[in-house]
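# Examination of the molecular architecture
Given next are the chains, with one letter for each unit.
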Amino acid sequence: MTAAEEAAGEEATGEGGPAGAPGARGAGRRATVTRLALMALPAAFFAVFFAYPVLTIVGRGLRADGSWQWGRAAEVLGDSGLLHVLWFTVWQAAASTALTLLIALPGAYVFARYEFPGKRLLRAVVTVPFVLPTVVVGSAFLALVGRGGLLDDLWGVRLDTSVWAILLAHVFFNYAVVVRTVGGLWGALDPRQEEAARVLGAGRLAAWRRVTLPALAPAVAAAALMVFLFTFTSFGIVQILGGPRFATLEVEIYRQTADFLDLPTAAVLTLLQFAAVLALLGLHAWTVRRRESALKLVDAARTARRPRGAGQWALLWSTLAVIAVLLVLPLAVLVERSFAGPDGHGLVFYRALRAAAGADSTFTVPPLTALWNSLAYAVAATAVAVLVGGLAAAALARRGGGRLVRGFDALLMLPLGVSAVTVGFGFLIALDEPPLNLRASWWLVPLAQALVGVVFVVRTMLPVLRAVDGRLREAAAVLGATPWQVWREVDLPLVRRALLVAAGFAFAVSLGEFGATVFIASPDRPTLPVAVARLLGRAGELNYGQAMALSTILMVVCAAALLALERVRTDRTGEF
Amino acid sequence: MTENPAEGAERAEGSEDVEGTEGAQGVASAAAAGPTSASRASLLRLGGLTVRFGAHTALDTVDLDVAEHETVCVLGPSGSGKSTLLRVIAGLQPADAGEVVLDGRNLRTVPTHRRGVGLMFQDHQLFPQRDVAGNVAFGLRMRGTARAERERKVAELLDLVGLPGAQHRAVGSLSGGEQQRVALARALAPGPRLLMLDEPLGQLDRGLRERLVVELRRLFGELGTTVLAVTHDQGEAFALADRVVIMRDGRIAQAGTPLEVWQRPADEFVARFLGFDNVVPATVTGEAADTPWGKVPVPGGTAEGACRLLVRPAGVRLVPAREGLPCTVAARTFRGTHVSLRLRPDSGPELDAACALAAAPEVGDRVGAAFTSDDVVVLPATD
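This structure is a prediction, so every number in the text was calculated from the model and none was measured.

### A look at the overall build of chain A
Scanning chain A for helices and strands turns up 26 helices and 4 strands. Buried residues in chain A amount to 47% of all 576 residues. In chain A, 80% of the contacts between residues at least 6 apart in sequence involve partners at least 24 apart.

Printed below as a string of structure tokens:
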């Protein structure tokens, strides 16, 4: 994509002069005005619904008597309990990443190079966990390895008190990240490159090590960093499976904020996490740039073939076994538990979801209404994310712009770095008083959920928009198309698919959002993840069963959204 | 590169459309593109057009007139500013100075989509998500032409470019030559006042290119289209154009009919760009010039004094070693109709010569070189 962009840029300057020519002054000013107009709404959105709440909450924590209390930060950082949290956060993220790579890399190879019946379906299946809400994953693993879980029933083995449950859940979650990122590139690498090395006298292993591995390394690094980032900020899974013993920074921020109301500590931890994530994102951007270096890529469909020989079949079957045990089994157990009532299998828990609230019930409304709340919120959040993210992507995709654009681009990544808990609590505190009293507004939840959705929309749309050859637009203009017609006739058809994919991701992210929503969803309008978490937090078989049933419903909704997406995606575009 | 541009030049000369009747032995000093067709109204007029990219000047006060129904080819090496020229006319690149006048109307404030010019891009830029008909009809659709009329026009154009019935083919399934035809049909469909072609045949293989050049010329003749094409390939330019404009570093180095340019290159740059390498410093005295190769006869009436001298390969005759400039044959290349030789004189720079196959010496042979004044061209002294 970068190459195409560069080529387009070169073309724009005609015969090789630098861009930003004085000749383009008039047109340049017009372009700047257009860009600023496009950026206005996203910038305002981020200022009001991201920067303002986050800064408010950090300020609440670290400012007293009108001045910053940096001494407190030092105090917090010196606390041995918090150092322990920091150590555990890093340690578990590193372990999860290593374990995910170990388990998923063979899978990436199998998906890239082997052809077998049902491959497309299986590829969709392994992607399902990625869009599942953390709360569902937590419940599924609880059903598998927790108290009264499948392993407990069969052999009396419980893992929910050990760190293994967390690590396995993280592998479950991120398997698709590795298979997609690495496998996608692996499949598109031209096998003839390796063949050329073989002809030049390299052995099979040497050819792989010298040709394929270097080409693959940046993708592996990018995938590893992505997994590390996700697991570093892990909240729902650790909250559910970690018990009181294990806490990541994000969980600790939640505890300090919600349980102890210790805002200074929470603010310091937020800043700490923010800095760490920024560093990770910078590293990630760097590896992505390197990945886009000149590689000879071919259509992935052409490089795959049926496995040959016992070794290759064994690799295929062991991959299938891993997927079955690690990815399918937890979800199957989750579904099974949701039907396993006190008097044999049935719909007891599902029926209970519809029951009106009793005196001692967890909710003031029937839990099933959470489904409609979630869907409505997710639709609204998706609309906001597509609007804001689409405008931002359109502004960023326009040629030139320099530092302003790069800054804006970086700004758009920040929601990934800031603790969702902080955002949620920030909403609660900052948007509570005039002029922005949204406390009672239904829109508070979708606006918070859209923040991360915007990132997905921008990151999905931007490469596609940038890859649109600028000369296609010029060709349309020369043929008489007005600027609006150019956008409708050239850009829109090319990005429509990406827009759908982006909207689908934004939808899935909103459905599963937990960290921020848990603060701001009003008690009578819980979302599915919030309802699940609340049910899991209460004792009693009925609550547990209902949590499983709600999780199952949430999983089905997410999986359906993903499979619909997968159809759109694989019609023509193939990988991501 | 087409090896024998003279062929193209002859074809152009034979054509009825030849412009610029200053005569075959036209003014050698045509350093700027003076209006060559006073007899016809000029459709496009560029005046003092200048485009700068930072410190680099892509177009430097370019003046050019294109008459109605005329085909003009801008020829130049890459980086000479010829693509920028087309982009400025199309409104895709603003000019720093100068004006573009089309049909008597200054286009300064007219945006691209209202200029009514056609541009065929170098690599076609067909819309990948539309089929052939969708591409060809695009310009008509933008103008709100009715569907029936569009379909009729598309069918007509596809017939014209030799792709009848291709309406529903995907552009991805087209060969290079077919894409080129679709791009041409798309550019012609809205009936542009001026059709511009950017390296129209650049990416095609040679056989196809030569066929298409002939087709294009016939087509433009039939339609009466006014065409401004740019190319780096002299063979293409000579075969296609009524008039050739040679550009160098954003300036026009020479303009004239293909034959004029071929016979009388304006300066050493043009000569070398056309593939002539036998250029040496010389001093003319009377009927001959002193050169590093010895005395070379010059055409009658040549002004005396210092100059540069071009000897076309055809003007180098092979004689026995004793009788002419003694040389060793350094290389010989079979060209089909003749043999080109690279001669290494005992003194002076190497020399290109052409001779018939039967008479061609072997590499290493000793030969003599003699010069005929018909193929000697006197060029300005310094560049």
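### Some thoughts on unusual backbone geometry
Residues and elements named next belong to chain B. The backbone of H69 sits at a positive phi, close to 70°, despite the residue not being glycine. Summarising the element assignment, H69 is placed in the loop between strand 2 (56–67) and strand 3 (71–75). Given 17 C-beta atoms within 10 Å, H69 falls into the partly exposed group. Residues other than glycine seldom take positive phi values, yet D103 does so here, at roughly 55°. Note that D103 resides in the loop between strand 4 (97–102) and strand 5 (105–106).

### Things to note about the interface of chain A and chain B
Each partner contributes residues to the interface: chain A has 28 residues there, and chain B has 32 residues. Looking at the side of chain A that touches chain B, the elements with two or more residues in it are helix 2 (25–62), helix 22 (470–478) and helix 23 (483–512) of chain A. Ranked by residue count, the leading element in the side of chain A that touches chain B is helix 22 of chain A, at 7 residues.

### Some thoughts on the sheet that holds strand 19 (residues 366–371) of chain B
Residues and elements named next belong to chain B. Spatial strand order, 15-19-16-17-18: 5 strands in an open sheet with antiparallel pairing. Where the open sheet ends on each side, the last strands, each with one partner, are strand 15 (316–319) and strand 18 (351–355). With strand direction ignored, the average angle separating the axes of adjacent strands in the sheet is 50°. Where strand 15 lies against strand 19, 4 bridges are found, and the strand directions are antiparallel. Within the sheet, the bridge partner assigned to R317 lies in strand 19 and is A370.

### Focus: the confidence of the model for chain A
Predicted confidence across chain A gives a mean pLDDT of 76, with 85% of residues reaching 70 or more. Contacts from residues 570–576 of chain A, a stretch scored under 50 in pLDDT, to residues over four places away or in other chains number 7 contacts.

### Side note on the sheet that holds strand 20 (residues 376–379) of chain B
Residue and element names in this part refer to chain B. Read from one edge of the open sheet, 5 strands run 13-12-11-14-20, paired in antiparallel fashion. For this open sheet the edge positions go to strand 13 (294–297) and strand 20, each flanked by a neighbour on one side alone. Within this sheet the neighbouring strands show an average axis-to-axis angle of 45°, counted without direction. Where strand 11 (residues 279–285) lies against strand 12 (residues 288–291), 3 bridges are found, and the strand directions are antiparallel. Bridge pairing in strand 12 links T285 to A288.

### Things to note about the pairing of strand 7 (residues 194–198) of chain B
All names here are of chain B. Taking burial as the measure, the 5 residues of strand 7 include 5 buried ones, the bulk of the element. The side-chain alternation of strand 7 yields two buried faces, one formed by L194, M196 and D198 and the other by L195 and L197. Looking at chain direction, strand 6 (residues 117–120) and strand 7 are connected through 4 bridges and run parallel. Each bridged residue has a counterpart across the sheet, and for L119 the counterpart in strand 7 is M196.

### What about helix 5 (residues 119–131) of chain A?
For helix 5 of chain A, with 13 residues, the first-to-last C-alpha span of 19 Å sits near the 18 Å given by 1.5 Å per residue. Within helix 5 of chain A the residues assigned to the buried category are A:V125, A:V126, A:T127, A:P129, A:F130 and A:V131.

### Some remarks on the environment of A:L150
All names here are of chain A. By secondary structure assignment, the location of L150 is in helix 7 (residues 150–155). What makes L150 partly exposed here is the crowd of 19 C-beta atoms within 10 Å. For the pair L150 and L334, spaced 184 residues apart in sequence, the C-alpha to C-alpha distance is 9.7 Å. Among all residues touching L150, those that are not within four sequence positions of it are A143, L144 and V333.

### Brief notes about the packing of helix 8 (residues 163–188) of chain A against helix 15 (residues 309–339) of chain A
Residue and element names in this part refer to chain A. At a minimum axis separation of 10 Å, helix 8 and helix 15 run at an interaxial angle of 115°. Handedness of the crossing formed by helix 8 with helix 15: left-handed. For the pair helix 8 and helix 15, the contacting residues are V171, F172 and Y175 in the first and L326, L327 and P330 in the second. Looking at the contact of helix 8 with helix 15 residue by residue, the classes come out as 6 nonpolar, no polar and no charged.

Procedures and definitions
Residues numbered from 1 in each chain as written. Chains lettered and ligands numbered in written order. Predicted model: local features only at pLDDT ≥ 70, side-chain atom pairs only at ≥ 80, totals over all residues. Helix = DSSP H or I, 4+ residues; strand = E, 2+ residues; numbered from the N terminus. Buried ≥ 20, exposed ≤ 12 C-beta atoms within 10 Å, placed from the backbone. Contact = placed C-beta atoms within 7 Å. Pairing = 2+ DSSP bridges. Axes fitted to C-alpha atoms, helices over the stretch in contact; angles between N-to-C directions. pLDDT = per-residue confidence, 0-100. Expected span 1.5 Å × (residues − 1). Left-handed = near helix turned anticlockwise from the far one by under 90°. Nonpolar A, V, L, I, M, F, W, Y, C, P; charged D, E, K, R; others polar.

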